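# Observations on the model geometry
Chain residues, written in single-letter form:
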Amino acid sequence: KNEVEQSPQNLTAQEGEFITINCSYSVGISALHWLQQHPGGGIVSLFMLSSGKKKHGRLIATINIQEKHSSLHITASHPRDSAVYICAVRSGYGGSQGNLIFGKGTKLSVKP
Amino acid sequence: AAGVIQSPRHLIKEKRETATLKCYPIPRHDTVYWYQQGPGQDPQFLISFYEKMQSDKGSIPDRFSAQQFSDYHSELNMSSLELGDSALYFCASSATGAGEQYFGPGTRLTVT
């Protein structure tokens, strides 16, 4: 079983729809990252969370530490949001000083 | 704002050759992480450095070595290249081991 599980693996939405991507993890963490990867490979950091909720533009990320679960929401989705969204956690305990453990990503396609 | 710089962006090598990938972190960032993303795979942590010292080690083959220099840039040296080393290699930097990681554009290595 992977330490970081994302769902769904693939998601197709119509422009304007509200989108939710979920992430569950099984290890103790010090922070959780949501990343965006476009075709061609570049990775952009969207959020780093250790508790609560963060908002940036049309993106909202929440985390529930007790339930070991995080969600990424996209409001009023747009075709330019099409990308792979990756959840990654940082354990930060013991010998691990900050490296990330990645989920397998959610491939989002937003149709006009 | 300055971002993480990686060079080269693309590299083609033959089996058994060597390759050197370079990473220049964001100014005043003292921590560098290296990740490897195989085709269709999620990124895997290779190695990290904090203040020029190795801070953590992941699934880095013995054929690979890395270091961080006095100006905080890092180099990943890969010897006896194998076909399976073909991947996208990301470098990320953070202001501390606990800070948000910012990713470079990646170096796409193809081994033929």
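Just so you know, these numbers come straight off a predicted model, no measurement behind them.

### Description of the confidence of the model for chain B
Here chain B shows a mean pLDDT of 93. Residues at 70 or above account for 97%. Of all helices and strands in chain B, the one with the weakest mean pLDDT is strand E6 (residues 53-57) of chain B (89), whereas strand E3 (residues 19-24) of chain B scores best (98).

### Topic: the packing of aromatic side chains
All chains considered together, the criterion is met by 6 aromatic pairs over all chains. On the numbers, 6.5 Å between centres and 70° between planes, the contact of A:Phe102 with B:Phe103 is edge-to-face. Here the residue A:Phe102 occupies a position in strand E10 (residues 100-102), and B:Phe103 occupies one in strand E10 (residues 102-103), the pair thus bridging two chains. A single burial state applies to A:Phe102 and to B:Phe103, both of which are buried. Ring centres 5.8 Å apart and planes at 35° place the aromatic pair B:Tyr35 and B:Phe103 in the tilted group. Residue B:Tyr35 is found in strand E4 (residues 31-37), and its partner B:Phe103 is found in strand E10; the two are separated by 68 residues along the sequence. Grouping residues by exposure puts B:Tyr35 and B:Phe103 together as buried. An aromatic cluster is defined as three or more aromatic residues linked by ring pairs; in this entry it consists of A:Phe102, B:Tyr33, B:Tyr35, B:Phe45, B:Phe90 and B:Phe103.

### Describing the pattern of salt bridges
On inspection of all chains with the given rule, the structure shows 5 salt bridges over all chains. We note a salt bridge from B:Asp42 to A:Lys104, for which the minimum N-O separation is 2.8 Å. Taken together, the residues span two chains, with B:Asp42 in the loop between E4 and strand E5 (44-50) and A:Lys104 in the loop between E10 and strand E11 (106-111). Since its relative accessible area comes to 9%, B:Asp42 is described here as buried. Taking the shortest distance from any N to any O, the salt bridge between B:Glu75 and B:Lys22 comes out at 3.9 Å. With B:Glu75 in strand E8 (residues 74-78) and B:Lys22 in strand E3, this residue pair connects regions lying 53 residues apart in the sequence. Within the structure, one salt-bridge network assembled from shared partners comprises B:Arg63, B:Glu82 and B:Asp85.

Definitions and limits used
Residues numbered from 1 in each chain as written. Chains lettered and ligands numbered in written order. Predicted model: local features only at pLDDT ≥ 70, side-chain atom pairs only at ≥ 80, totals over all residues. Heavy atoms only, no water. pLDDT = per-residue confidence, 0-100. Helix = DSSP H or I, 4+ residues; strand = E, 2+ residues; numbered from the N terminus. Phe/Tyr/Trp six-rings, centres within 6.5 Å; stacked < 30°, edge-to-face > 60°. Buried < 20%, exposed > 50% of the residue type's maximum accessible area, 1.4 Å probe, protein only. Salt bridge = Lys/Arg side-chain N within 4 Å of Asp/Glu carboxyl O.

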